[in-house]
Each structure stands twice: as C-alpha cells, then as structure tokens.
Amino acid sequence: MENTVKVDQRAAVLKRRSPVGRMLDFLKKNYFLYILLAPALILTLIFKYVPMYGAIIAFKDFSPIKGIMGSDWVGLKHFEKFLNSPNFDVIFMNTLKLSFFGLIFSFPVPILLALMLNQIRKTSVKKNVQLFLYAPNFISVVVIVGMLFIFLSPTGPINQIVSGITGKPLMFMSEPEYFRWIYILSDIWQAAGWSSIIYVAALAGVDPELHHAASLDGANLLQRIRNIDLPTIRPIMAIVFILAAGGIMSIGFEKAYLMQTSMNLPASEIIATYVYKVGLQSGDYAYSAAVGLFNSVINVVLLLTVNFIVKKLNEGEGLY
Amino acid sequence: MAVKHSRFDRFLLSINVIFLTLAVLIVVVPLVYIVVASFMDPTVLLNKGLSFRISDWSLEGYQKILSNPAMLRGFGNSVFYSAAFAIVTVMVSVCAGYALSDQRLAGRHFFMTLFIITMFFGGGLIPTYLLVRQLGMLNTVWAVIIPGAVNVWNIILSRTFFKGVPKELKEAANVDGASDAGIFFRIVLPLSKPIIFVLALYAFVGQWNSFFDAMIYLEDSKLHPLQLVLRSILIQNQAAPGMISDQLAMNELKRLSEMIKYSAIVISSLPLLVMYPFFQKYFEKGVMVGSLK
C-alpha cells in the first residue's frame with residue numbers, strides 16, 4: 001500500500017515538471033536525432049528559405065549600397081513593367097508552348113515503351129533492350145545539344161539526306177519554327193527510356209495468372225493490355241502526370257539556353273533564359289527577380305490545380 | 001503457365017518486335033555515329049560521310065583533345081566536384097532521412113513539409129545568386145557544392161529505406177545499452193550501404209553532367225568543370241586557347257575544331273556510359289525506392 005502511494009507521488013512530481021523541463025528531458029534523450037537533422041535543416045533554411053525572403057527584392061528598387069533590406073519599396077512596378085513589356089507575350093507563350101507540348105508528347109512515350117517491353121518474354125533480351133534505351137539518360141545536356149548542332153548543321157548528316165532529296169539544306173538550328181520540335185524530340189530521345197523504368201517495374205509485378213486466365217476467356221493481347229496492364233499503372237501515370245504538369249513553367253533553363261542562337265530567339269526565349277540574361281548578364285536584379293517570382297507563383301498555382309483535377313478524375317471515371 | 005496467343009496476338013507481337021528494334025536503333029545510331037566519326041579524318045567525314053576504311057581513320061582528334069590543358073583541367077575539376085558533391089549531399093541527406101524516419105523526432109511532419117515545399121517553390125535564381133555572392137562563395141569550389149547539397153528527393157528516398165529497417169533491431173541494440181549514435185553508426189549505416197551507393201551514384205552523375213551552377217558562380221576558367229569546357233568547344237565553337245595557333249589558315253582551324261568535337265564528346269561521356277551497364281541495377285533500384293514513397 002505504502003509503495004503504491006510512493007509511486008503515485010513520484011509520477012505526480014514528474015507530471016508537475018514545467019513544459020521547459022520536460023522539453024529538456026526529451027532533448028536529452030533524443031538530441032542525436034536533431035544533430036543528424038541539423039545540417040540538412042540549416043542548409044535548407046539558408047539556401048532555400050533565405051532566398052525566398054530575398055525575393056522581396058522583386059518589390060523594391062534594388063541598390064547594391066543599401067542592400068536588399070534597405071532598398072526602397074516600389075510595390076508592383078517591376079511586375080507591371082514585365083506584363084506591359086513588348087516581350088511579355090512572346091516569352092510567356094514560348095514558355096507555355098514549349099512545356100505544354102513537351103508534356104503532351106513526352107508523357108505517353110515511356111508508357112508505350114513499358115507496355116512494349118513488357119511483352120518481351122525472354123528476360124535476357126529485355127534486359128539488353130533496356131540497357132540501350134536507358135543509356136542516353138546519362139549523357140549531359142551540353143553533349144546532347146552539341147550533338148544536335150553536329151547532326152543538324154547545314155552540312156551535317158541529316159541535311160546531307162535532306163539536300164539529297166530537296167536540293168537544299170534546312171536551317172534547323174536557326175529557324176525559330178524548328179526549335180520546339182528539336183527540343184521536344186531530343187528530350188524524348190534522351191529521357192523516354194529512363195522514364196519507362198517505373199512503369200516497367202509496375203508491370204512486372206502483375207500476376208501472370210491474370211493474363212493466362214484472360215487469354216483462356218478469349219481476350220486478345222490488346223484487350224489484356226487495356227484491362228490488366230493499364231489499370232495496374234494508372235496510379236503511377238497520375239503521379240507522374242501531376243509532377244510533370246506542376247513543373248510545366250519551370251522547364252529546364254539549361255537546354256533552351258544552350259540551344260539558343262541569335263536567329264531562333266523568337267521561339268527559344270523563355271522566362272528562365274530571360275531572367276538569366278536580364279538579371280545576371282545585364283545586372284537588373286530587381287526586375288529579373290520579379291519575372292522569376294511571377295514564374296514560380298504560376299508554377300505553384302498550376303501544380304495545385306492539376307493535382308486537384310487529377311484527384312477528381314481518378315476517383316471518378318479515371319484518367320482515360 | 002504460359003499465355004495462349006491467338007494469331008492476332010502473334011501478329012501484334014511481331015509488330016512489337018519491329019517497333020522495339022526501331023527504338024533501339026534510334027537510340028544507338030547517333031551514338032555509334034559520334035564514336036565512329038571521332039576516329040575519322042574530318043575532311044573525309046565532311047566530303048564522304050562515315051567510312052570504315054582504315055586509311056580514312058585518324059587519331060588526331062584524340063591527340064588534340066588529350067593534349068589540351070583546358071580539357072584536362074576540366075576533367076580533373078569535374079572528378080573533384082562530383083566526388084566532393086556526392087559525399088556531402090549523401091551525408092547530409094542520409095542523416096536527415098534517418099532522423100525523419102524515427103517516430104521519436106518531434107516535429108518531423110513539420111520538418112518534412114519544410115523540405116518538400118522547396119521542391120515546388122523557391123526564391124528564384126536572382127535572390128539565390130545574391131545570397132551566394134554575399135556569403136563570399138563566388139568563384140570558390142563551395143558555390144558548386146554547398147547550395148545544392150540538400151536534395152529533398154534523396155531525403156525522401158533514404159527515409160523510405162530507413163522506415164523499412166526492422167524496429168526490433170534497434171530495440172534489441174537499445175536493450176543491450178547501445179546509444180542512439182551507436183545504433184546509427186554501427187547497426188543502421190552498415191545495413192544501408194546499397195542506398196548510400198545508389199544516392200552517391202546519382203549525385204556523382206548529376207554533378208558530372210551539370211554546368212549551370214558553375215557557369216553562374218565560377219568566373220575563373222581555371223575552376224571550370226568539364227561541361228563548361230565542352231560547351232565552349234561544342235556549342236560556342238571555340239576550340240580552347242592554346243590548341244590552335246593563330247597562324248593556321250581558317251580552313252585548318254575549322255577542320256580541327258570540327259574534329260575535336262567528336263573526340264571531346266566521346267572522352268567526356270565515355271566514363272559514364274562504360275560504367276553504367278555495371279551499375280544499371282543500382283540506378284533502377286533508386287528509381288524504384290522513390291516510387292514507393
């Protein structure tokens with residue numbers, strides 16, 4: 001009896017300790033986890049969140065002497081300047097078209113590849129085909145664009161064929177009308193194989209019995225793909241699509257910038273390359289930060305919208 | 001039990017084989033072209049196209065590229081940046097991933113959200129650049145290694161992996177008197193070699209192939225990584241200084257700069273392309289772990 005009273009008292013004492021005291025106890029016991037977390041957390045706060053705060057430069061007239069904090073507020077001046085500039089329509093539409101068409105054309109290819117790969121029954125053959133299809137993923141964007149310049153140059157191998165037929169070469173890298181096609185097709189060339197991995201793996205998990213049973217019921221190959229394979233990968237398709245659509249405005253600066261020639265700018269100037277040129281090459285920090293911020297905000301809105309729509313569709317009738 | 005194929009199915013399957021063969025050819029032919037062209041005399045290449053006659057071949061491109069100081073320095077820099085970046089980013093991400101996988105970490109959902117937000121929203125190029133400049137990191141190695149060191153994707157991957165480590169293992173060690181640090185370093189980390197290897201591979205390849213951070217942060221050409229050197233050779237058409245002396249005729253200059261393009265591509269991409277088949281299963285594993293979430 002006495003013992004229980006003592007225990008109760010001790011428990012009461014523990015409970016009565018202040019929140020600070022309890023926190024200290026907790027930290028004493030678990031501090032190691034926080035030490036492990038600290039480097040990533042600190043680096044993220046510095047290199048990701050400080051620049052988010054630094055983005056207020058977009059609402060200021062930046063003067064290097066006064067610094068970001070001390071510079072004068074100018075409200076939405078830079079945004080108005082961008083929206084009213086003659087470049088705006090072109091740059092905005094270029095960004096949108098490049099990423100939208102990129103998404104539409106690039107999205108189905110890995111799925112098709114995966115469905116096709118899934119039909120190869122010999123594992124060794126399948127592995128080797130995959131080996132080749134994945135390889136371009138490891139080539140750098142500089143080399144990819146370098147190869148484009150080589151293959152598509154007026155005297156390059158493609159144009160040797162073209163001029164053999166039509167008599168004169170096509171100016172692939174300088175005519176604006178070709179830019180988007182070259183960008184998107186080379187993207188597919190490089191990434192489609194690699195992007196199919198995730199679908200291939202999901203398809204490999206399908207119980208072969210399902211296909212067997214379906215074939216006994218008289219389902220042909222197309223019917224089996226439609227009713228067994230596609231439903232299997234549908235959730236992955238939804239996620240991949242949401243992520244890709246969310247990144248629609250943040251398409252790679254690198255490749256567009258490298259592919260730019262003075263001649264194809266009417267199609268190849270996108271928001272990201274514009275920000276780089278105005279900001280870092282001409283030094284107009286505040287204005288280009290405003291352009292960049294405009295881009296990021298659109299991006300987030302798009303991501304949330306697409307996520308919302310796909311969720312609705314997925315619960316209802318499904319993606320297709 | 002094998003699926004029974006109707007005649008229609010077999011017809012589809014043979015079309016499938018044709019399409020996949022085409023796909024492989026589309027991928028392989030440009031690569032083979034580059035490799036073969038890199039061994040060819042550029043005049044022959046320009047006038048006749050590819051040829052497999054030994055007399056049309058030459059190693060001049062490789063000689064030029066391998067004796068080019070900018071290229072060699074770029075190669076060395078890239079090895080160093082990629083290795084250093086891989087080490088830093090893997091250490092940071094794996095530690096954070098482990099902490100975030102532990103139920104006892106109060107506020108882990110909050111921290112996770114903090115990390116994930118940065119995947120979709122950022123301050124942008126200019127504020128980041130100004131920050132790096134203010135920290136005095138311009139023109140230093142740190143600029144290409146530190147700002148991008150936290151890779152949220154890697155944190156998610158490693159957290160997923162650590163969640164799969166059986167709890168009993170940690171509890172048993174705890175009963176035996178092991179500290180948190182002891183459990184992490186002596187039990188969990190040795191178990192995680194595969195995931196660490198995968199993440200390091202990804203980080204190495206990513207850094208090896210990137211040029212953007214180096215382009216904006218490193219003005220000193222002595223610090224330039226391989227990809228920036230390649231950019232000047234392949235895209236800006238500037239054969240690096242010292243490679244071609246001024247007296248050479250315009251045609252000769254053009255001939256040489258065309259020639260070294262091919263060998264430059266082969267030399268810079270070869271390490272990864274040769275390495276990749278051996279590591280293929282690890283790379284694939286990385287993609288798969290990520291999809292489990």
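Worth saying up front: this structure is predicted, and the values here are computed from it rather than measured.

Peer 1: Help me understand the overall build of chain A, please; the structure alone is not making it clear to me.
Peer 2: Secondary structure assignment for chain A yields 17 helices and two strands. Taking 320 residues into account, the globule formula puts the C-alpha radius of gyration at 20 Å, and chain A, at 28 Å, lies well above it. The C-alpha extent of chain A, read off along each of the three principal axes, is 105 × 75 × 35 Å. Of the roughly 16,500 Å² that chain A leaves accessible, carbon and sulfur atoms contribute 67%. Considering chain A, the positive charge centre built from 27 side chains and the negative charge centre built from 19 side chains are found 8 Å apart.

Peer 1: Explanation requested: the UniProt feature "transmembrane region" (unreviewed entry) in chain B in the structure shown.
Peer 2: All names here are of chain B. Residues annotated in UniProt with the feature "transmembrane region" (unreviewed entry) correspond here to residues 12-36, 79-98, 110-130, 142-162, 183-205 and 259-279. Spanning residues 142-162, this segment combines 71% helix with 0% strand, and its end C-alpha atoms are found 29 Å apart. With 100% helix and 0% strand, the stretch residues 259-279 has end C-alpha atoms that lie 31 Å from each other.

Peer 1: In this structure, what is going on with the side chain of S140 of chain A? I would like to understand it.
Peer 2: Positionally, S140 of chain A belongs in the loop between helix 7 (123-134) and helix 8 (141-152). Reaching out from S140 of chain A, the side chain makes a polar contact with the side chain of Q227 of chain B at a distance of 2.7 Å. The residues touching S140 of chain A, leaving out its near neighbours within four places in the chain, are N209 and Q227 of chain B.

Peer 1: Got a minute to help me understand a nonpolar patch on the surface in this structure?
Peer 2: Residue and element names in this part refer to chain A. There is a patch of nonpolar side chains on the surface, built from F100, F101, I104, F105, W181 and L185 and spanning about 590 Å² of accessible area. Counting only elements with at least two residues in the nonpolar patch, the list comes to helix 5 (87-106) and helix 10 (176-195). The element best represented in the nonpolar patch is helix 5, accounting for four residues. Structurally, the position occupied by F100 is in helix 5. For F100, a relative accessible area of 43% gives the class partly exposed.

Peer 1: Looking at this model, I keep getting lost on the nonpolar core. Mind explaining?
Peer 2: The nonpolar side chains of soluble globular proteins are, as a tendency, buried together. In terms of nonpolar packing, the biggest core is built from 172 residues, with L37, L133, Y199 and I233 of chain A together with M71 and F115 of chain B touching the most fellow members. Both domains that furnish three or more residues to this core are identified here as domain 1 (7-56) and domain 2 (68-291) of chain B. Beyond its immediate stretch of four places on either side in the chain, I233 of chain A contacts I111, L115, Y199, A202 and L203 of chain A.

Peer 1: Looking at this structure, I do not really get the packing of aromatic side chains. What am I missing?
Peer 2: Within a pair of aromatic rings, the relevant descriptors are the distance that separates the centres and the angle that separates the planes. Per the stated rule, a full pass over the model turns up 40 aromatic pairs over all chains. Members of the aromatic cluster, connected to one another through ring pairs, are F32 of chain A together with Y98, F161, F162, F184 and F185 of chain B. Across from the ring centre of Y287 of chain A, 4.0 Å away, lies the NZ or CZ of K81 of chain A, which sits over that ring.

Peer 1: Explain the layout of surface pockets here, please?
Peer 2: Which parts of space are left empty comes out when a probe the size of a water molecule is rolled across the atoms. Computed from the structure, the second largest pocket encloses a volume of approximately 900 Å³. Those elements that provide at least two residues to the lining of the second largest pocket are helix 6 (108-117), helix 8, helix 9 (157-166) and helix 10 of chain A together with helix 1 (7-38) of chain B. Counted by class, the lining of the second largest pocket contains 29 nonpolar, two polar and no charged residues.

Peer 1: Please clarify how empty space enclosed by the protein should be interpreted in this entry.
Peer 2: All names here are of chain B. In the structure shown here, the tally under the stated rule is one cavity of 30 Å³ or more. Estimates place the volume of the largest cavity at around 30 Å³. Contributing to the lining of the largest cavity are Y98, S101, F162, V165, K170 and V188. Of the residues belonging to the lining of the largest cavity, the class tally is four nonpolar, one polar and one charged.

Quick notes on the rules
- Every residue gets a number counted from 1 within its own chain, in the order that chain's sequence is written.
- By the order in which they are written, chains take letters starting at A while ligands take numbers starting at 1.
- This being a predicted model, a pLDDT of at least 70 is required before a residue's local features are given, and a value of 80 or more before pairs of side-chain atoms are given or counted; all residues contribute to the totals for chains, interfaces and linings.
- With hydrogens and water stripped out, all remaining heavy atoms of the structure feed into the side-chain values.
- The helix and strand labels rest on DSSP assignments: H or I over at least four residues marks a helix, E over at least two residues marks a strand, and numbering proceeds from the N terminus.
- Atoms counted for the radius of gyration: C-alpha only. Globule rule: 2.2 Å times the number of residues to the power 0.38.
- For the accessible areas, the method is Shrake-Rupley and the probe is 1.4 Å, while residue cover comes only from the protein chains on display.
- Counted charges follow a simple rule, with Lys and Arg positive, Asp and Glu negative, and His plus the chain ends left uncounted.
- By convention, the point assigned to a charge is CZ for Arg, NZ for Lys, CD for Glu and CG for Asp.
- UniProt positions are given in the numbering used here, feature names are shortened, and annotations may be inferred rather than shown by experiment.
- Residues adjacent in sequence count toward polar contacts only when both atoms are side-chain atoms; beyond that, a polar contact is any pair of N or O atoms within 3.5 Å, and within protein one must be able to donate a hydrogen and the other to accept it.
- Should any heavy atoms of two residues lie within 4.5 Å, those residues are counted as being in contact.
- A patch consists of residues whose relative accessible area exceeds 30% and which take part in no salt bridge; residues with like charges are grouped when within 9 Å of each other, and nonpolar side chains (Val, Leu, Ile, Met, Phe, Trp, Tyr) when within 5 Å.
- Here a salt bridge means any side-chain nitrogen of Lys or Arg lying within 4 Å of a carboxyl oxygen belonging to Asp or Glu.
- Here the term buried applies to any residue with accessible area under 20% of the maximum for its type, exposed to any over 50%, and partly exposed to those in between, with areas from a 1.4 Å probe on protein chains only.
- The definition of a nonpolar core used throughout is a set of buried Ala, Val, Leu, Ile, Met, Phe, Trp, Tyr and Cys residues joined through side-chain atoms within 4.5 Å.
- Where each domain begins and ends is defined by an automated method or by a domain database.
- We call Phe, Tyr and Trp rings a pair once their centres come within 6.5 Å, taking the six-membered ring for Trp, and we label the pair stacked below 30 degrees between planes, edge-to-face above 60, and tilted otherwise.
- Charge-over-ring placement is defined geometrically: NZ (Lys) or CZ (Arg) within 6 Å of the ring centre, and within 35 degrees of the ring normal.
- Every definition here rests on a 1 Å grid over the protein atoms only: cavities are sets of points where a 1.4 Å probe fits but cannot get out, pockets are open sets enclosed by protein on both sides within 12 Å along at least five of seven lines, and lining residues have some atom within 4 Å of a point.
- Grid points are joined across faces, edges and corners, and a volume is the space filled by probe spheres set on the points.
- The classification used treats Ala, Val, Leu, Ile, Met, Phe, Trp, Tyr, Cys and Pro as nonpolar, Asp, Glu, Lys and Arg as charged, and all other residues, Gly among them, as polar.

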